[in-house]
Amino acid sequence: MKSTFSKDRYERQLMLKNFGEAGQQKLFESKVLMIGAGGLGCSALAYLAAAGIGTIGIVDHDTVSLSNLHRQILYRTEDIGAFKSERAASFLKGINPEISTLIYLEKLTTSNAFDIISDYDFVIDGTDNFATKYLINDACVLLNKALIFGAISEYEGQVTIFNYKKNKQDESVNYRDVFPLPTSQSTALNCTTAGVLGVLPGIIGSMMANETIKLITGIGEALVNELFTYNALDNSSYQISLKARKKEHSTMPKDRKSFTEMDYDFFCNTQPAKDEISLDKFNQLLLSNNFEIIDIREKDEIPLITEFVCKQIPLSTLIQNESMIQAQTVVIICQSGKRSREAILVLQSIFKDSKKIISLEGGIMAYKKAFYKNG
Amino acid sequence: MQFNIQIFGQLCEVIGKQLIVENISDTDTLIQTLNTKYPALVELKYLVAVDRNLVTENIPLTNKSSIAIMPAFSGG
């Protein structure tokens, strides 16, 4: 990499009021990590490279497929099957050979996130699933890195900046302040299940690049603690001011050790749970007395549980009613087994290792189905 | 009091683009009313904004409050 930037290349940027050589120098000295080289990543990367960000890291272990090409504009048809991060880095070099690119051909995990992220000044989340979004958020909070966040859903997109203080006395907000608990990935729509108009990640990714450049150079008003939502169908936008939540019952890992131990796929319901028990084991457990069953469904939900004794504490009131839970072993029941996973996380954050908290696989629906089929 | 609630993202598939809700005095009652009327919302986590500010604890609503609810987006 050259030790300074070429003035000719950035001539139109250098002419800008409040930008100039000082702004360009800041871009040149900055290190930005793009996690996910998909729809958002491609458009953000192209503009960041062109603008002269000195060092760009790209984390992506996926390969290019034909259905990516309508929105992931760094890839060509002949790239199908090639690694996205390699092709993206090569494309960026073509745009701007004066910058450095580093590629990480691996999935971001709790084992490698700290090492990768700590080398950068700014992190951009262009990923497409909740598990990685929570993982990136938590790592950025623990490492005190600014996070430029973007996400899309069909014709709408969001941009915001997390974990950044404009002034020392300001509070920083992170993803868990906005969504303390994740929507189950199986419930949420992503580009694979719901479709996306190719230009939308282009718009949102460009906004993410713009916010990154504003943060680095200090120009304008960046979307710090402001969630901007854009609708591509009617061009409407909506901006919400964010604020931090009380930290007492946060499921956020406290330090690097608890971060490393966190199972983000479980947290976001993308993998079978470790803390679930099967119907057979549950029926065996029913023969003993050393446990408590908690139905965490809301009050009016049916079917009612009449086959065994259980306490009713809706998920929304679990924290206030923790004193109602007395046994050492607690089985959580909900309708289908999904909400129980969240209840487990909430209760584990309260009781730590002092109680064994498990959930019934498939919830009361699975139980009733088996009970009335066999009985 | 009557509130015209603005709906975003995937929540529109459950509720529609707009919803009028009556007889609510605070945001906790709003959430309970919505979750009872639309049980699918319980699984879909969403944020509530009043006057374009994120709601992080129960707050009272006035007849001038503008309310929006928005799910998390996960596409990239």
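Note that this is a predicted model, so its numbers are computed, not measured.

Side note on the overall build of chain A
1) Next: Secondary structure summary: chain A contains 14 helices and 13 strands in total.
2) Next: With respect to the principal axes defined by its C-alpha atoms, chain A has extents near 80 × 50 × 40 Å.
3) Next: A total of 375 residues make up chain A; the buried ones form 53% of that total.
4) Next: Here the contacts in chain A between residues at least 6 apart in sequence split such that 69% fall between residues at least 24 apart.

Describing the confidence of the model for chain B
1) Next: Across chain B, the average pLDDT comes to 92, with 100% of residues at 70 or higher.
2) Next: The least confident element of chain B is helix H3 (residues 40-43) of chain B, whose mean pLDDT is 81; the most confident is strand E4 (residues 53-54) of chain B, at 98.

A word on the interface of chain A and chain B
1) Next: Contacts between the two partners involve 49 residues from chain A, matched on the other side by 29 residues from chain B.
2) Next: Buried area between chain A and chain B, summed over both chains or domains, comes out near 3200 Å², and the portion from carbon and sulfur atoms is 55%.
3) Next: Broken down residue by residue, the surface that chain A buries against chain B is led by Phe179(A), Tyr238(A) and Ile240(A), which jointly contribute 21%.
4) Next: If you look at where chain A meets chain B, you find 2 salt bridges.
5) Next: The closest approach of N and O atoms between Lys17(B) and Asp234(A), which form a salt bridge, is 3.9 Å.
6) Next: Taken together, chain A and chain B are joined by 8 residue pairs in polar contact (both at pLDDT 80 or more).
7) Next: If you list the elements that add at least two residues to the side of chain A that touches chain B, you get helix H3 (39-51), helix H6 (130-143), strand E5 (146-153), strand E6 (156-162), helix H7 (175-178), strand E7 (226-231), strand E8 (237-241) and helix H13 (338-351) of chain A.
8) Next: If you tally residues by element for the side of chain A that touches chain B, the top one is E8(A), at 5 residues.
9) Next: Along the lines of polarity and charge, the residues of the side of chain A that touches chain B split into 17 nonpolar, 19 polar and 13 charged.

What to know about the environment of Phe308(A)
Residues and elements named next belong to chain A.
1) Next: Structurally, the position occupied by Phe308 is in the loop between strand E10 (291-295) and strand E11 (311-312).
2) Next: A sequence separation of 15 residues divides Phe308 from Ser323, and the C-alpha atoms of the two residues are 21 Å apart.
3) Next: Those residues in contact with Phe308 that lie beyond four places of it in its chain are Phe282, Leu286, Ile293, Ile333, Ile364 and Tyr367.

Re the packing of aromatic side chains
Residues and elements named next belong to chain A.
1) Next: Taken as a whole and judged by the stated rule, the model has 17 aromatic pairs over all chains.
2) Next: Ring geometry for Phe371 against Tyr372: centres 5.0 Å apart, planes inclined by 80°, an arrangement best described as edge-to-face.
3) Next: Residue classification places Tyr372 among the exposed residues on the basis of a relative accessible area of 52%.
4) Next: Pairwise contacts between aromatic rings join Tyr134, Phe149, Phe162, Tyr175, Phe179 and Phe267 into one cluster.
5) Next: Geometry around Tyr120 places Lys31 over its ring, the cationic atom sitting 5.7 Å from the centre.
6) Next: Sitting over the ring of Phe351, Lys355 keeps its end group 5.0 Å from the ring centre.

Some words on the sheet that holds strand E9 (residues 276-277) of chain A
Residues and elements named next belong to chain A.
1) Next: As summarised here, the arrangement of the 5 strands in space is E9-E13-E12-E10-E11, forming an open sheet in which the pairing is parallel. At either end of the open sheet lies a strand with only one pairing partner, and these are E9 and E11.
2) Next: Pairing analysis gives 2 bridges linking E9 to strand E13 (residues 356-360), with the strands arranged parallel. Note that in E13 the partner of Ile277 across the bridge is Leu360.

Some points on the pattern of salt bridges
Residue and element names in this part refer to chain A.
1) Next: Evaluation of the coordinates by the stated rule reveals 18 salt bridges over all chains.
2) Next: Note that Glu98 and Arg9 form a salt bridge whose closest N and O atoms lie 3.4 Å from each other. Of this pair, Glu98 sits in the loop between helix H4 (84-95) and strand E3 (100-104) while Arg9 sits in the segment before helix H1 (11-14), placing them 89 residues apart in sequence.
3) Next: For Arg9, a relative accessible area of 35% corresponds to the partly exposed category.
4) Next: Between Glu301 and Arg339 there is a salt bridge, with its nearest N and O atoms 2.8 Å apart. Note that Glu301 is positioned in the loop between E10 and E11 and Arg339 in helix H13, a separation of 38 residues in sequence.
5) Next: A relative accessible area of 4% places Arg339 in the buried class.

The rules behind each value
Residues numbered from 1 in each chain as written. Chains lettered and ligands numbered in written order. Predicted model: local features only at pLDDT ≥ 70, side-chain atom pairs only at ≥ 80, totals over all residues. Heavy atoms only, no water. Helix = DSSP H or I, 4+ residues; strand = E, 2+ residues; numbered from the N terminus. Buried < 20%, exposed > 50% of the residue type's maximum accessible area, 1.4 Å probe, protein only. Contact = heavy atoms within 4.5 Å. pLDDT = per-residue confidence, 0-100. Buried area = accessible area lost by both parts, 1.4 Å probe. Salt bridge = Lys/Arg side-chain N within 4 Å of Asp/Glu carboxyl O. Polar contact = N/O pair within 3.5 Å; in protein donor to acceptor, adjacent residues only side chain to side chain. Nonpolar A, V, L, I, M, F, W, Y, C, P; charged D, E, K, R; others polar. Phe/Tyr/Trp six-rings, centres within 6.5 Å; stacked < 30°, edge-to-face > 60°. Lys NZ or Arg CZ within 6 Å of the ring centre and 35° of its normal. Pairing = 2+ DSSP bridges.

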